[in-house]
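The primary structure of each chain is shown beneath.
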Amino acid sequence: MKNKQMSAADVVTQMKDGMTVGIGGWGPRRKPMALVREILRSPLKDLTVVAYGGADVGMLCAAGKVKKLVFAFVSLDFIPLEPYFRQARQSGALDVMEIDEGLLMLGLKAAAMRVPFIPTRVGLGTDVLRQNPGIKLVGSPYDGKDWVAMPALALDVALLHADRADARGVCQVKGPDLYMDDLFARAARSTFVSCDELVESSFFEQGDEARHVFWERAETTGVVHVPFGAHPSSCAPLYGFDVRHFKEYAASAKEPGGWQQYAERYIHCSEQEYLVRVGGIDAVRKLPLPVF
Amino acid sequence: MSEFTLVDRVICAAAQAWRDDGEVLATGIGIVPRLAASLCMVAINTDLMMTDSEAWLVSEPVPVGPREGYQPKRESWMGFSRIFDNVWGGKRHAMVGPTQIDRFGQANISMIGADYQKPKSMMLGVRGFPGNSINHANSFFVPQHSTKVFVAGEVDMVASVGYNPERLARGWSLDEIDIRFIFTNLCAMDFRGPDRQVRLVSLHPGVSVTQVQEATGFALHIPDSVPTTADPTPEQLALLARLDPHNLRASALG
């Protein structure tokens, strides 16, 4: 029986410069931030990042890890504009494939289904097509219309965060929204999942627990047990996102050398030390869930 | 005589946007559009559907701001993937707040500047605008009506499709695009002028036609007679107070 447990450092050693990396979650929600921090500690570079972006994308941009970004938005929601992503874009240094949220989903779906594209009306008439000449129109064999042929977004690696998982890679998400995590898992050659809680396989036999498993363990390559590994993003229903920390992070972008100072304090330390520096696990556990 | 402010007037006018839509998902992004959709759902078109802005459809609009014990009345799961199922089926009317809008109704929330590779100001990205605009009805809310928003040429990044014949793909017609209304701090407009030209529908009290035209970067269609935007009714104001118990709308016009 496979044991897929590994450390965050093990995950990063399996990644190579120039890889295409999908990151699950949505904006400030359920991001595999501990895995992202491990990438920030490593020499890994020239990544193509595919994400519904939040601070994961901002931090990777700030650290110069991103060659190309495939995105529909990068936002912390209550702080609408992600500061380090903006800086990277406005410097002109970032290659981008800017597409609709639904197109991103269809691209992952196409990769997951192993088809080269999925036809859709999404994107017609917009600058998404003008700025992405690689996205082609295709004539339908069934009507007289051209449709957008959204190309598959195949990933080398997907990084996800789940509430809990077992050592075989059965992963559970109990929050109200899965986002597109299942599609990220299926679109990737290797999927690494950090989890708040590591459980015995028998856990899933109880009650409705198995109903909250959204991809088969064959899609999970590695499981990394990192309590509060989504912080400062949320992992509902376990903890909300850390408004105070995000404000501090966003404020750092306004200071000269702000990223270096942020990284010195919150990246270049162990995850245990990180949790102490952000206020301790009791404080993280009490972070309220967001209300809109 | 009830007391009310300009933002109350705008919300009550904008609430009419979904009046004849039947059973569709009403989405209002931002305080004013969300309150307009909410008001419509409780008072004008009670068949509308709405989310809690997180992951559930609710059978009555959730008041904005801190909940203070209010429990949303859930009727169905509605995570992001299901929102796309709904969008692509077309049964939705969204009201959104673009940074730029042009004469075609093309709208932008992505970036500002002439050089796409190096934006002068990077904003959100196109988000769901491309998909929304080619799939279902859309209306706009603009808190500060100016030529910066209503631009002279095309918007810097066409995030949502508009009535621009040059951008139509083979086999498509402008009839497949549905842009309904624009509500601003000065007036209400729609796209029912000649050849889908933006048309002035009503002026808020004290605002002149000239003022609106000067704050707009393209020529508007001005009907012979332009009415004044209706006053909110006492019933509408009472409902608004319930939907916005913390008066978050007070600062919504900037």
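Just so it is clear, the structure is predicted and the values come from calculations on it, not from any experiment.

Calculation notes
Residues numbered from 1 in each chain as written. Chains lettered and ligands numbered in written order. Predicted model: local features only at pLDDT ≥ 70, side-chain atom pairs only at ≥ 80, totals over all residues. Helix = DSSP H or I, 4+ residues; strand = E, 2+ residues; numbered from the N terminus. Rg over C-alpha atoms; globule rule 2.2 N^0.38 Å. Buried ≥ 20, exposed ≤ 12 C-beta atoms within 10 Å, placed from the backbone. Pairing = 2+ DSSP bridges. Axes fitted to C-alpha atoms, helices over the stretch in contact; angles between N-to-C directions. Contact = placed C-beta atoms within 7 Å. Nonpolar A, V, L, I, M, F, W, Y, C, P; charged D, E, K, R; others polar. Core = buried A, V, L, I, M, F, W, Y, C linked by C-beta atoms within 7 Å. Domains from an automatic or database assignment. pLDDT = per-residue confidence, 0-100.

Enquirer: How would you sum up the overall build of chain A? Please name residues and give values.
Expert: Check the secondary structure of chain A and you find eleven helices and eleven strands. In summary, chain A has a C-alpha radius of gyration of 19 Å against a globular reference of 19 Å for 292 residues, a match within 12%. Taken along its principal axes, the extent of the C-alpha atoms in chain A is 60 × 50 × 40 Å. Relative to its full complement of 292 residues, chain A shows a buried share of 52%.

Enquirer: Which residues make up the sheet that holds strand E12 (residues 187-190) of chain B, and what values do they have?
Expert: Sheets are built from strands that pair by backbone hydrogen bonding, the pairs being arranged parallel or antiparallel. Residues and elements named next belong to chain B. The mixed open sheet is built from six strands, whose spatial order is E1-E5-E10-E11-E12-E13. Looking at the sheet topology across the chains shown, the edges are occupied by strand E1 (25-28) and strand E13 (199-203). The sheet shows a mean angle of 15 degrees between the axes of neighbouring strands, taken without regard to direction. In this sheet, E13 lies alongside E12 in antiparallel orientation, the contact comprising four bridges. Note on E13: the bridge partner recorded for Cys-187 is Leu-203. Of the strands in this sheet, strand E5 (92-96), strand E10 (137-142), strand E11 (179-184) and E12 touch helix H1 (residues 6-14), which is tilted by about 170 degrees from E11.

Enquirer: Explain the interface of chain A and chain B to me, and be specific about the residues and the numbers.
Expert: Across the boundary between the two partners, chain A contributes 38 residues, which contact 39 residues of chain B. Among the secondary structure elements, those contributing two or more residues to the side of chain A that touches chain B are strand E3 (66-74), helix H4 (83-90), helix H5 (101-113) and helix H6 (127-131) of chain A. Partitioned by chemical class, the residues of the side of chain A that touches chain B number 18 nonpolar, nine polar and eleven charged.

Enquirer: With reference to specific residues and values, describe the nonpolar core.
Expert: Counting residues in hydrophobic clusters, the biggest one holds 166 residues, and the most contacted among them are Ile11(B), Ala14(B) and Ala36(B). Two domains share this core, each providing at least three of its residues, namely domain 1 (8-99 + 153-285) and domain 2 (116-151) of chain A. Setting aside its immediate chain neighbours within four residues, Ile11(B) contacts Val32(B), Leu35(B), Ala36(B), Leu39(B), Leu240(B) and Arg249(B).

Enquirer: Summarise the domain arrangement of chain A; cite the residues concerned and give the values.
Expert: Segmenting chain A into domains produces domain 1 (8-99 + 153-285) and domain 2 (116-151). Each of domain 1 of chain A and domain 2 of chain A was reduced to a C-alpha centroid, and the two centroids are 30 Å apart.

Enquirer: Hey, could you go over the confidence of the model for chain B for me, with residue numbers and the actual values?
Expert: Scored by pLDDT, chain B has a mean of 97; 99% of the residues are at 70 or more. Quick note on the complex model: pTM equals 0.97, ipTM equals 0.96.

Enquirer: Got a sec to walk through the sheet that holds strand E4 (residues 74-77) of chain B? Specific residues and values, please.
Expert: Residue and element names in this part refer to chain B. Strand order in the open sheet made by the three strands is E2-E3-E4, with antiparallel pairing throughout. Every interior strand has two partners, whereas the edge strands, strand E2 (50-51) and E4, have only one. The pairing of E2 with strand E3 (residues 56-58) spans two bridges and is antiparallel. The residue of E3 that forms the bridge with Thr-51 is Leu-57.

Enquirer: I'd like to hear about helix H3 (residues 55-62) of chain A, residue by residue, with values.
Expert: Judged by how many residues are buried, H3(A) sits mostly within the fold: eight of eight residues are covered. Remark: Gly64(A) follows H3(A) within two positions and exhibits a positive phi of approximately 70 degrees.

Enquirer: How would you sum up helix H2 (residues 33-41) of chain A? Please name residues and give values.
Expert: Working note: α-helix, 3.6 residues per turn, so residues spaced by three or four point in the same direction. All names here are of chain A. Of all the nine residues making up H2, seven are buried; the element is thus mostly covered by neighbouring parts of the structure. Within the span of H2, buried status applies to Met-33, Ala-34, Leu-35, Val-36, Arg-37, Glu-38 and Ile-39. On the buried face of H2, the contacting elements are helix H1 (8-13), H3, strand E8 (155-165), strand E10 (188-198), strand E11 (222-225) and helix H10 (271-277).

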